[in-house]
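The chain contents come next:
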Amino acid sequence: MIFKVFYQEKLTEVPVREKTQVLYVEADSQRDVRKKLAPFHYNIEFVQQLAGAHLAYEQQSENFKLAENV
């Protein structure tokens, strides 16, 4: 499954919408996504599973790239 992760780079800062970044991760579950990203100390705001038409739409975006080092 592919998940879209909304996060802030620094865990210690207050989340600001303009600084929110997106990362696409392949994992078995939302829990697995959080485990994979734990070493990076991101402030994870939201994890969304992508499937069907929603996944196809996201894949058309020029920003769609699966994270490789997680």
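For the structure, see preceding data.
Notes on the structure follow. Since the model is a prediction, treat every value here as computed from it, not as a measurement. (Residues numbered from 1 in each chain as written. Predicted model: local features only at pLDDT ≥ 70, side-chain atom pairs only at ≥ 80, totals over all residues. Heavy atoms only, no water.)

**Focus on the pattern of salt bridges**
- Applying the stated criterion across every chain, the model contains three salt bridges.
- The salt bridge involving glutamate 58 is made with lysine 4; its shortest N-O contact spans 3.0 Å. Here lysine 4 lies in strand β1 (residues 2-8) and glutamate 58 lies in helix α2 (residues 52-60), a separation of 54 residues in the sequence.
- Measuring nitrogen to oxygen at the nearest pair gives 3.9 Å for the salt bridge that ties glutamate 13 to lysine 19. (Salt bridge = Lys/Arg side-chain N within 4 Å of Asp/Glu carboxyl O. Helix = DSSP H or I, 4+ residues; strand = E, 2+ residues; numbered from the N terminus.)

**Description of the packing of aromatic side chains**
- Using the criterion set out here, one finds four aromatic pairs in the structure.
- Aromatic side chains phenylalanine 40 and tyrosine 42 sit 5.6 Å apart centroid to centroid with 15° between the ring planes, which places their arrangement in the stacked category.
- Ring pairing ties together the aromatic residues Tyr7, Phe40 and Tyr42, which thus form one cluster. (Phe/Tyr/Trp six-rings, centres within 6.5 Å; stacked < 30°, edge-to-face > 60°.)

**A word on the pairing of β1**
- With respect to burial, β1 is a largely interior element, six of its seven residues being buried.
- Summarising the sheet, β1 and strand β2 (residues 21-26) pair through six bridges and their orientation is antiparallel. Paired with isoleucine 2 across the bridge in β2 is glutamate 26.
- Alignment of β1 against strand β3 (residues 43-50), held across seven bridges, turns out to be antiparallel. Within β3, the position partnered with lysine 4 by the bridge is glutamine 48. (Buried < 20%, exposed > 50% of the residue type's maximum accessible area, 1.4 Å probe, protein only. Pairing = 2+ DSSP bridges.)

**Thoughts on the sheet that holds β1**
- Taking strand neighbours across the sheet as the criterion, the three strands line up as β2-β1-β3 in an open arrangement whose pairing is antiparallel. Because the sheet does not close on itself, it has two edges, and the strands there are β2 and β3. Across the sheet, the axes of successive neighbouring strands diverge by a mean angle of 25°, strand direction being ignored.
- Each of β1, β2 and β3 touches α2; the most contacted strand, β3, lies at about 115° to it. (Axes fitted to C-alpha atoms, helices over the stretch in contact; angles between N-to-C directions. Contact = heavy atoms within 4.5 Å.)

Any functional reading would require information that these geometric values do not contain.
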